[in-house]
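Breakdown of the fold
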Amino acid sequence: RAAATSAQLEMLELQLAIKAEEAAKRREEGERYAREVAAMTHTAERKDKAAAAERRANAVMNRLALEAQMTEKRERKKMAHDDFMDETELRMNTAILTQARAVVLDGDAF
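Calculation rules
Residues numbered from 1 in each chain as written. Predicted model: local features only at pLDDT ≥ 70, side-chain atom pairs only at ≥ 80, totals over all residues. Heavy atoms only, no water. Helix = DSSP H or I, 4+ residues; strand = E, 2+ residues; numbered from the N terminus. Buried < 20%, exposed > 50% of the residue type's maximum accessible area, 1.4 Å probe, protein only. Areas by Shrake-Rupley, 256 points an atom, 1.4 Å probe, with all protein chains shown as cover. Salt bridge = Lys/Arg side-chain N within 4 Å of Asp/Glu carboxyl O.

Some details on the overall build of the chain
A tally of regular secondary structure across the chain gives three helices and zero strands. Helices and strands in the chain line up, N terminus first, as α-α-α. By its C-alpha atoms, the chain is 145 × 20 × 15 Å across when sized along the principal axes. Classification of the 110 residues of the chain by burial places 2% in the buried group. Accessible surface, the chain as shown: approximately 10,300 Å² in total, 59% of it carbon and sulfur.

The following block contains the structure:
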């Protein structure tokens, strides 16, 4: 009877050891999986931040390009107007413009 009890105890100890080993393996596997998930999450967050920064940079570049196009269009329209004079023309025609202003606005004799 003592031999049977001893054999049962050994069997129970062996079963407990196997269960403890399996639990340790499951715990290690769970920890490894948690590390992998954390690494993947971190990588995905970095990629998302990089993509958002790139989108912001593209939006700024698009806005600047649009503003440049609008400015160029305004300048072309202004330059194409018949009575527009740039600074050189204004300097050359200052005397004529002054005399014309005096005649038209002040009523001076031509």
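Thoughts on the pattern of salt bridges
Within the structure shown, the criterion is met by five salt bridges. Across the salt bridge formed by E36 and R32, the nearest N and O atoms sit 2.2 Å from each other. Of this pair, E36 and R32 both sit in helix α1 (residues 2-80), four residues apart, roughly one helical turn. E36 gets classed as partly exposed once you look at its relative accessible area, which sits at 36%. With a relative accessible area of 33%, R32 lands in the partly exposed category. With its nearest N and O atoms 3.3 Å apart, the salt bridge here joins E72 to R76. Taken together, the positions of E72 and R76, both in helix α1 and four residues apart, correspond to about one turn of that helix. Linked through salt bridges whose partners overlap, the residues forming this network are E29, R32 and E36.

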